[in-house]
Amino acid sequence: MSNPGNPTFDQLRIFLAIVDEGSFAGAGRKLNRAVSVISYGIANLEAQLGVTLFDREGTRKPKLTVAGRAVLAESRAVSEGIDGLRAKVRGLLQGLEAEVDLAIDVMVPSERVGRVLRAFAREFPTVSLRLHVEALGAIAAMVLDGTAVVGISGPLAAGVEGLECIAAGLITMVPVAAPDHPLGRMAKIPPGAGRGYTQLVLTDRSRFTEGRDFSVVSHKTWRLADLSAKHSLLREGIGWGNMPGPMIQGDLQSGALVQLAMPDHTGGTYRFGGIWRRDTPPGPAASWLLEQFVAEGRNDVEDPALGDL
């Protein structure tokens, strides 16, 4: 027989039950079938595939043949796939999303994102996730145009027409530079000194930030759409700029970056908000994500010496 036939899922279930229970009788008990039905089912499966799956000679316990061991892994994969399909459809029938698109501000601490998404994977194993990490107004733009169903945005999303917003924590922004940067070498920085050196500025291409600057004081700027690139350039001493405190805490401790004591530019508080379109309320899985980010944000502590960005 050169071409195997098409086994049924029920035949594969019988095969797996025999392997798991160690006997035809055990498989019958597990599946609530007579032993004769189990024997008939496995005989039909072997006939369909054209191979012998169990060595029944000389032992009361069925033993997998070489072909049986090869078929076992594929049978488990098929069974798990069918179980996953059933779980996904069951979730859909109960209103659970098949997929969630989440947009997150690049300023959200990566450890926080990891904790929430790890818990999400456990809580909703059948829901696929698309994660978009963007800057500034891009998160609000993605939620408004339907690219993402929910977002964790910075302060630019507050008050945007068509969006609902709930507070989801904050971080402290810190002005920093490399220790060999001229500003980094100053123990006491005079007012206005930052204007004379290149400031590295995070930017994005959304309509919400078009023509707008945030915490920009220098006449010389380099504009970057990637926070990691800004971080690297700051460490190289190319300029100075604001960075989220959690991201550069290790750099401050190691001396790779120094906090700038600028009397006219002390940093600020960057507030997060969980957002969604008013006319498209999030489903159960997306709502759970928002709730988790909000809960994580309750632990954030505001520095009273800093204002809002």
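Just above, that's the structure.
I will try to describe carefully the structure that is included in this document.

Rules of the game
- Residues numbered from 1 in each chain as written.
- Predicted model: local features only at pLDDT ≥ 70, side-chain atom pairs only at ≥ 80, totals over all residues.
- Heavy atoms only, no water.
- Helix = DSSP H or I, 4+ residues; strand = E, 2+ residues; numbered from the N terminus.
- Buried < 20%, exposed > 50% of the residue type's maximum accessible area, 1.4 Å probe, protein only.
- Contact = heavy atoms within 4.5 Å.
- Salt bridge = Lys/Arg side-chain N within 4 Å of Asp/Glu carboxyl O.
- Polar contact = N/O pair within 3.5 Å; in protein donor to acceptor, adjacent residues only side chain to side chain.

**Concerning the overall build of the protein**
Thinking step 1. Secondary structure summary: the protein contains nine helices and 11 strands in total.
Thinking step 2. Taking all 309 residues of the protein together, 44% fall into the buried category.
Thinking step 3. For the protein, restricting intrachain contacts to residue pairs at least 6 apart in sequence, the fraction spanning at least 24 positions comes to 72%.

**Here we look at the pattern of salt bridges**
Thinking step 1. Using the criterion set out here, one finds eight salt bridges in the structure.
Thinking step 2. Residues aspartate 10 and arginine 13 are paired through a salt bridge, measuring 3.9 Å at the closest nitrogen-oxygen approach. Of this pair, aspartate 10 and arginine 13 both sit in helix α1 (residues 9-21), separated by three residues, roughly a single helical turn.
Thinking step 3. Look at arginine 13 and you get partly exposed, because its relative accessible area is 36%.
Thinking step 4. Between aspartate 20 and lysine 30 there is a salt bridge whose closest N-O contact spans 3.8 Å. Within this pair, whereas aspartate 20 is found in helix α1, its partner lysine 30 is found in helix α2 (residues 24-31), the two being separated by 10 residues in sequence.
Thinking step 5. With relative accessibility at 39%, the residue aspartate 20 sits in the partly exposed group.
Thinking step 6. Judged by its relative accessible area of 46%, lysine 30 falls in the partly exposed class.

**So, α2**
Thinking step 1. Burial in α2 covers these residues: Phe24, Gly26, Ala27, Gly28 and Leu31.
Thinking step 2. Lining the buried residues of α2 we find α1 and α3 (35-49).
Thinking step 3. Looking at where α2 begins, the residue whose side-chain oxygen comes 2.8 Å from the main-chain nitrogen of glycine 26 is serine 23.
Thinking step 4. Phi turns positive one or two residues past the end of α2, at asparagine 32, with a value near 60 degrees.

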